Amino acid sequence: MNFRVRPVNRLRGRIAVPGDKSISHRAALFGALAEGITEVRGFLESEDCLRTITAIEALGADVTRKGAGEYRIVGGHREMLEPDDVIDCGNSGTTARLLMGVLAGQPCAATLTGDASLRRRPMGRVAEPLRLMGATIVGRADGSRLPLLVRGARPLHAIAYDTPVASAQVKSAVLLAGLFADGPVTVTEPAASRDHTERMLRQFGARLEIRGRSITVAPGDLHGVSVDVPGDVSSAAFMLVAGAVVRDARITVLGTGVNPTRTGVIDALEAMGANVVQGDVTQEGEPSASLTIAGGPLTGIIIAGELIPRLIDEVPVLAVAAAMARGTTHIRDARELRVKESDRIAAIARELGRLGAAVTEQPDGLVIEGGQPLIGARVSSGGDHRLAMALVIAGLVAEGETVVEDTACIATSFPGFAEAINALAGGAAVTVEP
Ligand code: S3P
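What counts and how
- Residues numbered from 1 in each chain as written.
- Predicted model: local features only at pLDDT ≥ 70, side-chain atom pairs only at ≥ 80, totals over all residues.
- Heavy atoms only, no water.
- Helix = DSSP H or I, 4+ residues; strand = E, 2+ residues; numbered from the N terminus.
- Contact = heavy atoms within 4.5 Å.
- Core = buried A, V, L, I, M, F, W, Y, C linked by side-chain atoms within 4.5 Å.
- Buried < 20%, exposed > 50% of the residue type's maximum accessible area, 1.4 Å probe, protein only.
- Axes fitted to C-alpha atoms, helices over the stretch in contact; angles between N-to-C directions.
- Parallel < 35°, antiparallel > 145°, perpendicular 65-115°, else oblique.
- Left-handed = near helix turned anticlockwise from the far one by under 90°.
- Nonpolar A, V, L, I, M, F, W, Y, C, P; charged D, E, K, R; others polar.
- Pairing = 2+ DSSP bridges.
- Polar contact = N/O pair within 3.5 Å; in protein donor to acceptor, adjacent residues only side chain to side chain.

**Here we look at the environment of Ala428**
Here is step 1: Position of Ala428 among the secondary structure elements: in the loop between α15 (417-425) and β24 (430-432).
Here is step 2: The spatial distance from the C-alpha of Ala428 to the C-alpha of Arg6 is 8.3 Å, given a sequence separation of 422 residues.
Here is step 3: Dropping the residues within four chain positions of it, Ala428 is found in contact with Arg6 and Asn422.

**Description of the nonpolar core**
Here is step 1: Core analysis: the largest hydrophobic core is formed by 84 residues, its most contacted members being Met239, Leu269, Leu352, Ile393, Leu396 and Phe417.
Here is step 2: Top contributing element to this core by residue count: helix α9 (residues 233-245), with ten residues.
Here is step 3: Not counting the four nearest positions on each side in its chain, Leu352 is found in contact with Ala319, Val320, Ala347, Ala357, Val359, Leu391 and Ala394.
Here is step 4: Core analysis: the next-biggest nonpolar cluster, separate from the first, contains 68 residues, Ile87, Leu103, Ala127 and Leu146 among them.

**Topic: the packing of helix α5 (residues 124-132) against helix α7 (residues 168-178)**
Here is step 1: Where α5 meets α7, the closest approach of the two axes is 9 Å, and the angle between their N-to-C directions is 25 degrees. One element, α5, and the other, α7, form an angle in the roughly parallel class. The interaxial crossing formed by α5 with α7 has right-handed handedness. Facing α5, whose interface residues are Arg125, Val126, Pro129 and Leu130, α7 presents Val170, Ala173, Val174 and Ala177.
Here is step 2: Among the residues making up the contact of α5 with α7, the classes are represented as seven nonpolar, no polar and one charged.

**Details of the sheet that holds strand β3 (residues 37-41)**
Here is step 1: Pairing within the open sheet is mixed, and its four strands lie in the order β4-β5-β3-β14. Every interior strand has two partners, whereas the edge strands, β4 (62-67) and β14 (226-228), have only one. Direction aside, the axes of adjacent strands within the sheet are offset by 15 degrees on average.
Here is step 2: As defined by bridge partners, β3 adjoins β14 across three bridges and the pair is classed as parallel. By the bridge assignment, Glu39 is partnered in β14 with Ser226.
Here is step 3: Against the sheet, helix α1 (residues 21-33) touches β3, β5 (70-74) and β14, its axis set at about 25 degrees to β5.

**Comments concerning the environment of Arg194**
Here is step 1: Inspection of the secondary structure puts Arg194 in the loop between β11 (185-188) and α8 (196-203).
Here is step 2: For Arg194, a relative accessible area of 11% puts it in the buried group.
Here is step 3: Taking the C-alpha atoms as reference points, Arg194 and Ser172, 22 residues apart in sequence, are found 9.8 Å from one another.
Here is step 4: Filtering out sequence-adjacent residues up to four positions away, Arg194 remains in contact with Ser22, Ala168, Lys171, Thr261, Arg262, Ile312 and Asp313.
Here is step 5: Here Ser22 takes part through its side chain, which lies 2.9 Å from a polar atom of the side chain of Arg194.

**So, the packing of α1 against helix α3 (residues 93-104)**
Here is step 1: Interaxial distance between α1 and α3 falls to 11 Å at its minimum, and their mutual angle equals 30 degrees. Judged by the angle between their axes, α1 and α3 are roughly parallel. Note on packing geometry: the crossing formed by α1 with α3 is right-handed. Between α1, through Lys21, His25, Arg26, Leu29 and Leu33, and α3, the contact on the second element is made entirely by Thr94, Thr95, Leu98, Leu99 and Val102.

**Things to note about the sheet that holds strand β15 (residues 248-257)**
Here is step 1: Across the sheet, four strands lie side by side as β2-β15-β17-β16; this open sheet has mixed pairing. Unpaired on one side and paired on the other, β2 (10-16) and β16 (276-282) mark the two borders of the sheet. Direction aside, neighbouring strands of the sheet carry axes that sit 15 degrees apart on average.
Here is step 2: Here β16 pairs with strand β17 (residues 288-294) via five bridges, running antiparallel. Bridge pairing in β17 links Val277 to Thr292.
Here is step 3: With respect to the sheet, α9 is in contact with β2, β15 and β17, its orientation differing from that of β15 by roughly 165 degrees.
Here is step 4: α15 rests against β2 and β15 of the sheet, and its axis sits at about 125 degrees to β2.

Below is the structure:
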């Protein structure tokens, strides 16, 4: 499927974005592991998160869909069933990596695979600590690429692990495996990554100690709870950037998760000169707020260091903001972008370049000379959902028509994306190319 995008002068409205992807995956997995019942509201019914639902069902969890985004998960599956087939994680790195952690502690064997993109992504970063804990993980590329067979052990050995990458998926896999260890398990990360696992482990009754960048989990059981999933700030980011770059824009995104480990995009937009106003803030569980932004002049900035893990998924759309800003934006320390759903450094430079943006690829980031006018062209997502949506936002401010090829992937994280843009545009800014 390809999207045709026409430029707009005005975006107005209040919208809600679908549930947070990271929190939805965790609610499903934790619910499957927990004793008793877990009720989830606001679950993101996207392809990625539904992969996690299918996976936990294959492992014996009893899942009932009670309504849109409402799930009842009957746990008690600290002892999971051995799945009778390969588990296909599709495009979802979070499903694969967090499941590896859970499976490491199960007295059974399971094979995980994924789509072509996921099969290219590095899994050794998760397999390595899990092997140190006693799990057997074998597969392609010396056991570092899907498909991978995980044969769990119980109890696992308690370890203290210094992860070389600031990755919430690696951290989460080790902490989940730690629930089945013979003593406390500690993970130390080089920079703070999203902390949804830590928050939710506590909510489900796990004993957790956090000292700076070291997190220690004690082995033990989880207990089912109710989880309210806020809107995904990573999805809201597309609307915020649209609101920042379209001349006559005023957009409010309601009920968005504003966990500080995820709000780097707000900080970056504010540093560029945008004004993001937070209202209706709630602090229970995962904090949420409404976010209001209006169009205005942006200036190039440096995005680097500890800010990077706080906005890692938002770099494609921030690159669009940078292309529309006055001056140069430098994005550094973001080598991780090369191993996301696509090599996002190469893809952003190539595809925004096709629209006329001056983007130079660096080994660990991008240099974007803002202010070049964008001119509509044919561009492609390469099957990467965040690239697809970022290119649609670029199309809203490019001159003439833009065609974004390969947009079906948007369903992995943001079902209803085009409809949301059109609601704000008050017309058909985004249509399917016949
Ligand atoms: C995620 C962590 C991040 C992020 C991904 C979701 C998570 O990946 O890019 O979209 O839910 O834990 P890494 O852990 O590889 O940084």
